[in-house]
Every structure is written in structure tokens, then in C-alpha cells.
4 protein chains.
Amino acid sequence: MVSLSNHILIYNNDMKEKFIKDSIYGLIKITDPFLEIIDTEAFQRLRHIKQLGLSYLVYPSANHSRLEHSLGCFYLSGKITDKFDFQHKNEFRIAALLHDIGHAPFSHVAENITKAFTQLTHEDFSKKIIGDAEIKNITDKYGLNTEKILDFISHKEVFGQLISSEIDVDRLDYLARDAYHTGVAYGVIDADLVIKAIEIKDGKIYCSGEQLPALESILIARYLMFPTVYTHHTVRIANLMFQDALYNLVSQGTIKAEEFISMTDADMLSLMKLHAESRVMITQIEKRNLYKMAMVFRKDDFNNLKRVYELKDDYKAIQEIQNALKRILSVQDGKVFIDIPEKPSFAKSNIIISEYNKPLEELSPLVKSLKAAEWNHWYVGIYCSKTEREKVSKAKDEIKKYLNSL
Amino acid sequence: MVSLSNHILIYNNDMKEKFIKDSIYGLIKITDPFLEIIDTEAFQRLRHIKQLGLSYLVYPSANHSRLEHSLGCFYLSGKITDKFDFQHKNEFRIAALLHDIGHAPFSHVAENITKAFTQLTHEDFSKKIIGDAEIKNITDKYGLNTEKILDFISHKEVFGQLISSEIDVDRLDYLARDAYHTGVAYGVIDADLVIKAIEIKDGKIYCSGEQLPALESILIARYLMFPTVYTHHTVRIANLMFQDALYNLVSQGTIKAEEFISMTDADMLSLMKLHAESRVMITQIEKRNLYKMAMVFRKDDFNNLKRVYELKDDYKAIQEIQNALKRILSVQDGKVFIDIPEKPSFAKSNIIISEYNKPLEELSPLVKSLKAAEWNHWYVGIYCSKTEREKVSKAKDEIKKYLNSL
Amino acid sequence: MVSLSNHILIYNNDMKEKFIKDSIYGLIKITDPFLEIIDTEAFQRLRHIKQLGLSYLVYPSANHSRLEHSLGCFYLSGKITDKFDFQHKNEFRIAALLHDIGHAPFSHVAENITKAFTQLTHEDFSKKIIGDAEIKNITDKYGLNTEKILDFISHKEVFGQLISSEIDVDRLDYLARDAYHTGVAYGVIDADLVIKAIEIKDGKIYCSGEQLPALESILIARYLMFPTVYTHHTVRIANLMFQDALYNLVSQGTIKAEEFISMTDADMLSLMKLHAESRVMITQIEKRNLYKMAMVFRKDDFNNLKRVYELKDDYKAIQEIQNALKRILSVQDGKVFIDIPEKPSFAKSNIIISEYNKPLEELSPLVKSLKAAEWNHWYVGIYCSKTEREKVSKAKDEIKKYLNSL
Amino acid sequence: MVSLSNHILIYNNDMKEKFIKDSIYGLIKITDPFLEIIDTEAFQRLRHIKQLGLSYLVYPSANHSRLEHSLGCFYLSGKITDKFDFQHKNEFRIAALLHDIGHAPFSHVAENITKAFTQLTHEDFSKKIIGDAEIKNITDKYGLNTEKILDFISHKEVFGQLISSEIDVDRLDYLARDAYHTGVAYGVIDADLVIKAIEIKDGKIYCSGEQLPALESILIARYLMFPTVYTHHTVRIANLMFQDALYNLVSQGTIKAEEFISMTDADMLSLMKLHAESRVMITQIEKRNLYKMAMVFRKDDFNNLKRVYELKDDYKAIQEIQNALKRILSVQDGKVFIDIPEKPSFAKSNIIISEYNKPLEELSPLVKSLKAAEWNHWYVGIYCSKTEREKVSKAKDEIKKYLNSL
């Protein structure tokens, strides 16, 4: 009997060289030290964290994991190290592999709760985990520089831009992978062509004008994926309810936000169902008995967008606003939710088109238009239970006034 | 703001007609009564049950759910009702949608534990759930005949053969879907061609000889998917460990096997981690610290294969054998596992080739060869912990003698 | 032996129902009268006309034919007739099947030569062929109205908009098909979703705002495919040389432009190689010994763009300009070519977004940006042989002055 | 303006490194000396030779060229040279690129005519062309060894087995490419996995038993593609008619068979239409007014299969038989055709499974079954015009007797 270690398809004699089958790229070759890192508990946890959080409520096939995405980034990072000549390539590839390792369960959903209680982002947690003994023992053993790994992740190293920023392995992978698994057509991009087309000079990414369409297509794919998948309104509602349940859990001391990074989606779900303070909300999500949108506010409804974003960044403030709205509007049945989406940034592109020595965002009208369009799908939503919708929706002016008074 | 109900992409005015985006077939049209059934708690539970159980340990992308598969079967069943003229088409489509609704968490993995304690199969549980109030209230409301639904599932109705048997929506969907999500090439089949090519006469499925390659390709796809995905040796080991943990949980009264059908994968995992009798095993699986194969027995090693299959069907007997082996071999560290795979049946094909009026399995040498080949990938495996492997593997004759004495 | 008629995969007993296998849509069902029309000589000629003309010089896989595209349009037209309720559906489907039947060899390349000598477009020739006995005998036999077919093609019938205009079977098919066969990623669109999303009211196409991304993605796919495939600079040069050879053939009476519509690509190539007046040019194309770009003029280089387009529409005038440039610049080796591309129109969209009752082009900043961007990839090119390039390229001012004096 | 040479997408500064976009593999990297060879007239001719000859009569999308296939083989050969350590890698890759360069128009269709008049195969012509000045000047310039190229093609060099034999770049490419362009599902294979899984020792190809399914799937894909595509009965009829026309052309001295290798599909078609001795037949093919099958003979109908294959290899003898049949059967309208297909060989596999040190064909029942099945789709067909079919089909015994008397 041929003996294979777990999850591995081919083992070439002598060399420690294994292959993992990926739905997007086919066989991904893994050697040490990467293999050892993949086998850590910290990395394996990503297997149990859905890449798209609660999006499976809308797209039944969106069950792919953050581990798949991380392996995909690792695969693409190999195309970068094959093409370019630079220092610390192994550290670069580990940075690609681990840049998302600090994600809480359900990926981005829990992020603002974490931040409210710890003041830390998932990148901060990624750095922490990379410095912890489990992974550090491996990188030390192979004589690798942990600082460099972190520098790639934080872009202190130039090539870190190719891990996550704009035209990078993170984005190239998630657009393709999310499209494949949701069945949505817009994420189809040509990663191979893009990587072949770019050059790095003096710390900046350059690309020939000939490949303008390839670059534009990536920015547009992302623009189209946002309303269709990433900020689909049903998912936004579910996220609000989920965050509320999670906030209660942490507020009441049932769990510490610092512990999220050792939990899986399933751990979090089961905890939520065990405890009274989160049970109602999570059960409603599971039954897709979701809150309803009562009204939306567009950009122009706000006097001070900067203030809106200060609030958004402060989930505890958001909870107070929500409680205040419930009180002001005399809502009996359930809560009132307010949802402030990310500030849109589809048009930022610092890639320099070689022939003109100007950034893409100045040269491409299409990219410029993304700037004009980016607030198009943006709205702040107010949500309440079905029974309260009629009452709440009538109070639009009152709510607007209140929000602008904060 | 356009208001959409959850998980739905398009809502055409007036008609209650919705579309779900599927990774395999694109848009799947759903109308009532199917929509109401999909929205039941019983059906939504399938969302949280992985189609391929623990296979994600080998294929990181194998995270698709039994809900996706059930929707896929429903989609294909519409091609059947469009083509053929028969009675009770709505019941037929519901049968396609619900034929797997009785699956325990992790799909097939828990099946023999369920059987050991309840003497029931997942089909039995499917029938039970279809008869329960939640679904029956809906079918009654639409004047549908529950008995007919069950008759389609149990093949009492001729067209039930097209739900699950040989050339059926179940197999056409899972081959394509499992291939798509694992990234394994062998499951690529032409479902459309096959459905167009078949005819039903006198309760039997006929097909023109012209489409022989299409039929052969399905049987072969399945044959190739077995060792590569469905019975991959790593998955088999993990399944053994999982079943052991589950058996302990039920034996000790922590949970009843009848309750499995209201649980999700996550529910079961968290229960396993909570309780001492299952915690060790499930933790080892999660860390992929798996038992090792100590030896294999092939078909010819057994005097009485019939007896082997009597034992396989009796998980309590299997536990006793495992305990006896541990005792006989003086194994200290962990358990000894024995794994008896399904009896292979790749070559059974009752489809009749019209021109010859003979079944495919008689006409196609390729299909006949599957009969000869089907024991090829079959083996009974004995597993133990790494530290005990050397000792156990030396006792092959002793174990063989013991097994043949049972 | 099962007897099948040519090119057909499945023949269902009794019904005259056949299936053709298509690389994009799988099995396409064909019944009479469509089958008889497909079997005409006029339609079969499309088999030998490349959909993308000389683009195979850049994309080796771009060998798909106009017959494939026409069958694809026919397939999609069936989705339209299934969805909408309107008169003359058979005529509509024939219009979809035959809308390109008047194409000369190499599709669009020969179009301005045809026009120079006949004042007719490929649509005019399509109408002529549809009125000719070969096809008219069939439509008459089935009691179909030839006038209605022509009305659909010319948009006198409202539903003709769905054959070719903006969101139509022509565009939905060619974007997908050209992407598939060139290997270029940008043409991936969701035809199914778009057809499901649109409605027709009062002669106009409506679409829910929910599906904005689907509509935008089609316009953008087309925008990206233009510079990458349809107006790739190498193809433009080859087209110029080809047109010159063809012009000579017709000028010297070797062939009449009216005869193009009974010729295949191969017929035209062999004619070109047989006759001295075209042989040099076509041999150079085949050896990819192409003319070189000497300079480009952008939109702002022209005083009077309207005049430029009058000239473009008059290929005889273009030939005179080219001869004049050769004389003025004392070019000895070969010709001087001027290439004026189509006036760009990527941003035109009259589809009305239901919720706002406004056309897409007013609502979508992305579509608006296409208007701003559409001149981006536009340039008038001047080409000459390699040996003359240095000399010619120095005369930019002189040529500009000359062009603006016309 | 960025200047690109023809057919090339990306030109990286300094390095002479270009990329061609392929529909199957994406970007194919081409450097010198390969680039110069691709640019030869001899290689570019392959652009105008359909990979699947007349199969487009059945599969409208089967318009891909032998140039695409040759570039695909070149691409896969790079995976071989990356993996294995052996001498003369550049010669190996050129062998992969040029192994089909000696094909006559319409690929295999003309092969037996060529052989009848020249006693040479397409491999012989490939060798001739590789030795001719156009290509030899390039290989000499780069110090490459022409003999080695030929040795790889003729398998005198061990690694030549990986160019064309059994598990080789030729087969891996054509199965995938023909499936993609016909739309037939059976050719889907995992080339990457297979190349990763094989080893070469002592001149033989080895593979781990773990990858048995991957190997089996390739042999089966080929087996299924034969009746569905490669020997589809309609294509066989068209081939017979085409060969007849071609035979007449050569017999009457209109063209020499040696000249085929400088002709394209279009050249041959136009020649056939120009000359009376071929015009009728080729016009009938174009109008798909094809001969009809009057009867088939199976393997057991022949006393002496060896003799049948002697005849098959002698097209002049075939013509005499056809003329004799016409005479014997008093056929007035058109010819009588006899079609003897290739001797089937689907089951030959010398690949050695490492664990057992035995060839695949001994170990795999599936592969063994291909041996049993290989005569299944084999038949000698007798064809005549529709008007004569009734008469001819009655003479089965007479024809059988006659054929067995030869």
C-alpha cells in the first residue's frame, strides 16, 4: 500500500514535495518549510472559517474556506517569486500564506466587535500569531526572519504590495475563487496575464499600457462583485444580527474577543446557541427570519460623513445609537439596527502605466468612473423587525435629524 | 430600494418565481410549492451538512453542502418532467429535492452508527421527515400526495428510478458537483445528453446504442471517483475515528441517534468536543493526527465474505471485534480499528440498449470490466496508533485467523 | 446500425427533433423549419467564414465560424421566445439564425470594399438572401412571413431589439464565444441572468435595478474586448492589407463585390493568390510580413471628425488618399495605408431601469465613463513597409496637415 | 504606441520572451529558438489545417488547427523539461513543436492517399521538413542537433516516448483540445497530475499505483472519444468521398502527393473544386449530400483480418475493390465505397506501476477491458448513393464472399 500523509496527493520519492488539489489552480506544490506551517493548528483553523461569512445565506455554494484562499494566495505568490528577483522569498511566500491567519470566525463579520473590545484588527492578530511559538519555532528552525514576514504583510517591504493592496495575490485569488464558488460571473480575471505584465521599479508597480484592459478588468470585477456578493443586502442584514449576538456574548463576559482567533465558525455558532444573550438572534438568522430594511440614507443625507465613519469605527457607539433609536421610536418588538458600510474605494490605483509614467487612476476613464460610481451602491440602512417596519419607516426625517445630531 | 427575499436573485413581477444561483447549473428557477419546502427548517439544515463528510481533510475545497446537491437534483428533475409525460410531476420534483433530507451530520459517515442504534437508514429518516408536520402541512396545502413522494423515493413509482438508482439525478448531480468542488477531473459527465437520450418504456429505462459512450462515461466517472475521492484512504481513517467518537456519545446516553437528523455538522462537532468520551478522538482528527494503517486484507483473505458483510452491518459487533483485537494484540496506546468498505457495485446497469434489447452491463465490455475491476480498490484495513504500528503489523496472520473465525 | 443524418447527435423517434453539440451551450435543439434552413447552401457557407476574420493571426485559437455564432444566436433566441409572449416567434428565431447570413468572407473585413462597389451593407445582403428562392421556398412551405423576418432584423418589430442592438442574442453570443475561442477572459457574461432580468413594455427594454451589475458587465466586457481582440493593432494592419488586395481584385474586374456573399474564406484566399493584383499582399499577410505603424493620430489631431468619417465610409476616397500619401512622401517600397477605425460607441444604452424609469446610460456612472473612455483606444494609424518607416514617421506634421485639408 | 510583433501579447523588456494566448492553457511562453521556428512558413502552414479534418461536418465548433495543437504540445513539453533531468532539452521541445509538421491538409484524411503514391507517412514528411533549409538554418544557428530532434520524434531517444506514444504531450493535448472545441465531455483529463506522477527509469515510464485512476482516465477518454468524435460515422463517409476526390486529382497528374505538405486545407479544397475529376465529390461533401451506409461487416465476418489490413494499407487496391463492387453490383449512380477503419488499440499500455513492477495493461481490469471492447465500435462499412442503397444492401452475402476471396 502506498502510504500518503493526510490531504496530500503525490509524494515524490526523496524530495519532500507534496501537492494539494485546489478547485481553482489544480495541483499546488508544497515543500518545507511551508508544509510544516500548513500543518500547524493555527493554519488548520482556517479550514473551518468560511471565506464569505454569512454569504451562503444568499449563495448556497459559497461554502469555501479561508484555508482554500490562503493556499491560493500561496500558489500565486510562487508566480511572483519565479518572476522577480528579490530578497527573502521564503518569507514572502509565508506572508502570502499567513496574511489572513488572524481572522475571527466568519471572516470580516466579527471584525468590528473584535476592534470594539481589543482595538486590534485582523492584521494585528495575524502578526501576533506569526510571532507565537507554534509558527515561530518552524520559521526559526529554517532560519527564516519573522520580522521580514511581518514587513511583507505590513508593506514595509516593497514586494508586500503584491500580497495585499491593489494588484496582489489576495485580490487575484479572492475574485476568482469567490466567483467560482458563488457561481457569479463577474470575478473572472486573468491572474496569469497580470502577473506577467507587471514590473517593480523603485518600489512602485509598473505595467505596460498594452495590458490596460487586464488591469481595468480587475478593478471592475471587484466593483461588480461588491453589490452582487460582498455587500448583498441580505448578507448585510444577517451580519448586523450576528454582530449584535456576538456583542452581547462579549459584553456579558461569556467570551473574550481575544479568544476569537482560536475559534472556528462552528465554535462560535454553538456558543451563540448555548447562551441566552445570543440565542434568539442566531436562531433567527438560521431560520432566515431576518430583520427588514425600514429605510436607507444616501451619502447626501449626512451633514458630516467623517463623523459617520468615526461612529462606524466604534461599535459600542453604534450599540448606543441603536438603543437610542429603539427608545425614540418606541419599538417594542426586537431591536433597531443601523448599518454603515465600508467607505467605498474602487478607484484607487497607484499602478503606473510605463509609457505615460502616470498612475492608472489618472489615465483610465473607466477607473476614474469607478470613483464617480463608488457611492452608487452605498447606503446606510435602518432595520427593524417586520412588525415594526411600518412605524419605523414613517420616522425617516426624525432618524435623519437624530443621526446628523450625533 | 428593491426588496428581495433572502437568498434570491430575481423576483419576476406577479409570478412567484425565484432564482437561486448555483455553482454548477447557473440560475435554478424555484416556484411554489418548492419554495415553501426549501424554506423549511428541515431542508435548511442540509446547508450545514457537508456533502462529502470528512473529505475536506484531503480536498480542501470539498466544502459544498447537501443543500447544494439537493437543489441540483431538483434542477435536473425539471429536465425529466419537461421531457417525459407522467403523473404526479410535482411529487416527483419534491422527491428529488428531499431524497437526502434524512442524512445525519457528515452525510454517510454517521450512517452505520445510526443504524446500530435505530435499525433505520437515511432513507427511512427521509420518509419520516417528509411525513412530519412541517413539510406535510405544505404538501397538503398544495393538494400533493405524500405517499407518491415516498413512492418515487422508494422506486415504487417507475420514474423514481430517475431520482436515485443508476442513471439518475442524484448521480448526475453528485458526480459533477463533487468533481467541481474537489478539483478532481473524473466527474465530468454530460447530464444534458444523457437525459435527452433516455426513454422509459414498460417501467424500464432505454437508451439508443448511439449514446453508449455517454452511459459508459457515467459509470466510469463513478468508478474513478471512488478511490480518488469517496474512499480515499485518509478519509476512511478519519471516518473510523469519527464513528468511534460518535458511538461513545450515543452509548453513554449523551445523545440519541434519533436526534442526529435535527443536528448540523457543527452541532455534532461541538458536542463531541464538549464530552470526554469523544473529545480525544475528534481533537486528533482536527489536528490530523490520524491513526495509521497497519495492514490490509484483500477479498481473497476472507473465507466467508458474506459473514464479513453481516459484521459490517452491525457496528456494535465491529466495536467488539476492535476491543478484542486491542486485547489480543496487547495494544496500549489507543484503539485498534477495522474498516470494512461497502461492497463494490460499479458494473450494475439495467439500462436497456434499444437496438439490442439487452442491458448495458451485458453489452458493454467496459461496463463488464468494471465488474472485474470492482474489487481492485477494495480492502479491509486494520489501523492503530503510530506507536503501535510495528507491533500490530507483525500480527497479520493472527488477525487474519481471528477475523476468519468470527 | 443507428442511422443519423449528418452533423446530428440525437434523433428522437417520431418527432423531427435534432441536437447539435455546441462548444458554448452544449446541445442545441433544432426542429423544422429551422433544420431545413440550416441545411441550405446559403447557411452552410457560414461554416467557412471565420467569425473573427484575420484575428487568428494574433489569437491562434480564433478559428470559430460565423455558423457557430448563428446557431448560438438561434439557441439564445429560444430563451427569448420561451420567456416572452409575442407574435411571430418562428420568424423571430429565423431572424436570429439568419441575421448574419449576408456576411462576406472574413466577416467584417470585406465590408467597406463591398460598400464601395455596391453601396450595400451585410444587412442588405442578409435581407436579399432571405428573400431568395432557396430560403423563401422553405419559409413559404411552413407558412412563415418573410417580411416579419426582415422586420425583426431591421428592428421594425420591437422584439428585433433582442436580436441585435444592445442587450441582444447577437452580443450575448459573440462576447461569450469570442472569449472562449480566443482564451481572453473579458467576455465572460451571464446571458441567462440577463435574459431572465429583462422585460419589454411599450416597445422598450426594462430591467430591474437589482441587475444593474449584470447589464454593466456586458457593456464593459465589450469595451475590454475591443482593444484586446476586435481592434487589436496587428489585426488592423492585416485588415488594411487584405482590403487593399480585395479592392484591386474588384477594381480590375476579376470579381464582382456582389459575388462575395457566395464565397467562403478559402475561395477568397485562393482567388487572391491566383491573381497578380492581390497576390503580393495576401502572401505578405500569410507570412505575417506585415506593414508597420509609422504614426498615430488621436481624435484631437483632427479639425473635422465628421469629414474623417465621410472619408472612412468611402473606400475609393481612402485609396486616393493612400496613393497621394505615397506620392507626397516619395515612398518607393510598397504602399502607405491609413486606417480609420469605427466611431466608438460603448456607452449607448437605452435599457430603462424600472425603479427610476431612466436609461442605463444616465444612471450608471460606469456606463457614463465608457463614453469618456471610448476615444481612449481610438487612433487613426498610418502604416508603411519597414524600410520606409523612418522616412514616413518624420513626416507627421505634413501628413496631419494633408489629412486636415481634405 | 507600444509596438508588438504579430500574434504576441506581451514583450518583456530586454529578454526575447513572448506569450501566445491559448484557449486551453492560457499564456504560452515562447523564447528563441522556438520563436524563430514558429515563424517559419512550414510551421505557419499548420494554422490552415484543421486538427480534426472533416469533423466540423458533425461538430460545428471543431475548427481548431494543427498549429494550436502543436503549440499545446510545446507547452506541455516544457512541463516535462522542467521536471526531468535529461540531455538535449531544446531538441526535445522542438520535437514536440514539430512532430506533426508533415501533416497533409485535413490532417489524417489524406494520409492513405499520400502513402499510396509516395510510400511515406506524415512522420516521414515531418522528418524531411525538419531537415530542410528553412528550419535547419535556425537549429544550426542555435547549435541544435537535428538528428536528436528526429530521434525524439522516432523514439530512438527515451524521452521521445513523452512526445507521442501513450502518456505523452500529443495525447494529453489533443484529448483536452478536441473535447474543448467539439463540446464533447469525454476528453477531460488531468495532464498536470499525470506529468507530476510519472517517472522515467531505465528507458521506461513508471507511475505510482496511487495515480492509477489518472492513467486509466486517459485511456478511457481516448476510447470514448473515438466513436463519438474521431470515427463518427458521418465523418467516415465524408472522408471516403474526400479521399476519392483526392485520389483522382493525383492519379490524373493534377497534383503530386509530395506537394500536399506545402498546401493548406483551403488550397486543397479550391484545387478540388477547380478540377472536374474531384469537383462532383467535393461539392457533395460541402452540401452534405453524403453517401449512405448500405451495410456493415464486423470482425467475425472476415476470414482473414490480416489480409484486410494489407488491403487497407494499399489505397490503390481499395480503389480496385470499389470499382469491382460497382461492376459486380451494377451500380449506376455514383461509386461504391468501402471503409476499413484503423485496427483498434486502446488497451496497449506499457507504463509500469511502480509498486508491482508490472505494466498498466496487466494490472488494470479497466484497461484490460478496453482490449475486449476495442472491436466493439469497429466495422467495415459499404457505402453507396441513396438511390442505390436498396439494391446494394440486398447483396450483403455476395459482397462478403467477394471480400473474403481477395
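Use the structure listed above.
Residues numbered from 1 in each chain as written. Chains lettered and ligands numbered in written order. Predicted model: local features only at pLDDT ≥ 70, side-chain atom pairs only at ≥ 80, totals over all residues. Heavy atoms only, no water.

Chemist: Help me understand the interface of chain D and chain C in this model?
Modeler: Many structure descriptions define interface size as the accessible area lost when the parts assemble. Of the residues lining the interface, 49 residues belong to chain D; the matching set on chain C comes to 49 residues. For the pair chain D and chain C, the two sides together bury roughly 4,100 Å², of which 52% comes from carbon and sulfur. Counting every contact that joins chain D to chain C gives 6 salt bridges. For Asp-39 of chain D, the salt bridge goes to Arg-288 of chain C, with nearest N and O atoms at 2.6 Å. Of all the secondary-structure elements, those providing two or more residues to the side of chain D that touches chain C are β1 (17-22), α2 (41-44), α3 (66-83), α9 (169-182), α12 (233-251) and α13 (265-274) of chain D. Per-element tally for the side of chain D that touches chain C: the top contributor is α13 of chain D, with 4 residues. (Contact = heavy atoms within 4.5 Å. Buried area = accessible area lost by both parts, 1.4 Å probe. Salt bridge = Lys/Arg side-chain N within 4 Å of Asp/Glu carboxyl O. Helix = DSSP H or I, 4+ residues; strand = E, 2+ residues; numbered from the N terminus.)

Chemist: Is there a simple way to think about the relation of the copies chain D and chain C in this case?
Modeler: The relation between the two chain copies is a rotation about an axis coupled with a shift along that axis. It takes a turn of 180 degrees to lay chain D on chain C, together with a shift of 0.0 Å along the axis; the resulting RMSD is 0.0 Å. Viewed as a symmetry operation, the transformation between the two copies matches a two-fold axis. Distance from the rotation axis, computed per C-alpha, reaches its smallest value in chain D at Ala-266 of chain D: 2.4 Å. The fraction of interface residues of chain D whose copies in chain C are also interface residues reaches 98%, indicating that both copies meet through the same surface. (Least-squares fit on C-alpha atoms with pLDDT ≥ 70 in both.)

Chemist: Before we go on, may I ask you to explain the packing of aromatic side chains in this structure?
Modeler: Each aromatic ring pair is summarised here by two numbers: the centre-to-centre distance and the angle between the ring planes. Applying the stated criterion across every chain yields a total of 66 aromatic pairs over all chains. Arranged with centres 5.4 Å apart and planes meeting at 80 degrees, the rings of Phe-92 of chain A and Phe-152 of chain A form a pair that is edge-to-face. One end of the pair, Phe-92 of chain A, is in helix α4 (residues 89-98); the other, Phe-152 of chain A, is in helix α8 (residues 146-153), and 60 residues separate them in sequence. Look at Phe-152 of chain A and you get buried, because its relative accessible area is 0%. Aromatic pair Phe-86 of chain D and Phe-92 of chain D: ring centres 5.1 Å apart, planes at 80 degrees, arrangement edge-to-face. Residue class for Phe-86 of chain D comes out buried when judged on its relative accessible area of 14%. Using a relative accessible area of 0% as the deciding quantity, one classes Phe-92 of chain D as buried. (Phe/Tyr/Trp six-rings, centres within 6.5 Å; stacked < 30°, edge-to-face > 60°. Buried < 20%, exposed > 50% of the residue type's maximum accessible area, 1.4 Å probe, protein only.)

Chemist: Got a minute to help me understand the sheet that holds strand β8 (residues 358-359) of chain C in this structure?
Modeler: Within a sheet, adjacent strands bond to each other through the backbone by hydrogen bonds, running parallel or antiparallel. Spatially, 4 strands are ordered β3-β4-β7-β8 (chain C) in an open sheet, and the strand pairing comes out mixed. Lying at the two open borders of the sheet, with one neighbouring strand each, are β3 (198-201) and β8 of chain C. (Pairing = 2+ DSSP bridges.)

Chemist: Is there a simple way to think about helix α3 (residues 66-83) of chain A in this case?
Modeler: Structurally, the α-helix is built with 3.6 residues per turn, so residues lying three or four positions apart point the same way. Spanning 18 residues, α3 of chain A covers 26 Å between terminal C-alpha atoms, matching the ideal 26 Å at 1.5 Å per step. A large share of α3 of chain A lies buried, amounting to 14 of its 18 residues. (Expected span 1.5 Å × (residues − 1).)

Chemist: In this structure, what is going on with the packing of helix α13 (residues 265-274) of chain B against helix α14 (residues 276-286) of chain B? I would like to understand it.
Modeler: Between α13 of chain B and α14 of chain B, the least distance of the axes is 6 Å, while the angle of their chain directions is 115 degrees. Residues Leu-269, Leu-271, Met-272, Lys-273 and Leu-274 of chain B of α13 of chain B lie in contact with α14 of chain B, whose contacting residues are Ala-276, Ser-278, Arg-279, Ile-282 and Glu-286 of chain B. (Axes fitted to C-alpha atoms, helices over the stretch in contact; angles between N-to-C directions.)

Chemist: What am I meant to see in the sheet that holds strand β9 (residues 380-384) of chain B here?
Modeler: Residue and element names in this part refer to chain B. Here we have 3 strands laid out as an open sheet, ordered β5-β9-β6, and antiparallel in their pairing. Across the chains shown, the open sheet's two edge strands, defined by having one partner strand only, are β5 (292-297) and β6 (337-339). Across the sheet, the axes of successive neighbouring strands diverge by a mean angle of 25 degrees, strand direction being ignored. Alignment of β6 against β9, held across 3 bridges, turns out to be antiparallel. Paired with Asp-339 across the bridge in β9 is Gly-381.

Chemist: Would you explain the environment of Lys-89 of chain B in this entry?
Modeler: All names here are of chain B. Positionally, Lys-89 belongs in helix α4 (residues 89-98). Judged by relative accessible area, which is 26%, Lys-89 ranks as partly exposed. Lys-89 sits 107 residues away from Lys-196 along the chain, and the two C-alpha atoms are 18 Å apart. Residue contacts for Lys-89: discarding those within four places in its chain leaves Thr-81 and Phe-84. Within the structure, Lys-89 has its side chain in polar contact with the backbone oxygen of Phe-84 (distance 2.7 Å). (Polar contact = N/O pair within 3.5 Å; in protein donor to acceptor, adjacent residues only side chain to side chain.)

Chemist: I'm lost on the packing of helix α16 (residues 315-328) of chain B against helix α20 (residues 396-405) of chain B in this one. Help?
Modeler: When two helices pack together, their arrangement is captured by the angle between the axes and the distance separating the axes. All names here are of chain B. At a closest axis distance of 12 Å, the pairing of α16 and α20 adopts a crossing angle of 145 degrees. Our pair here, α16 against α20, has a crossing hand that is right-handed. For the pair α16 and α20, contact is made by Ile-321, Ala-324, Leu-325 and Ile-328 and by Glu-398, Ile-399, Tyr-402 and Leu-403, respectively. Counted by class, the contact of α16 with α20 contains 7 nonpolar, no polar and 1 charged residues. (Left-handed = near helix turned anticlockwise from the far one by under 90°. Nonpolar A, V, L, I, M, F, W, Y, C, P; charged D, E, K, R; others polar.)

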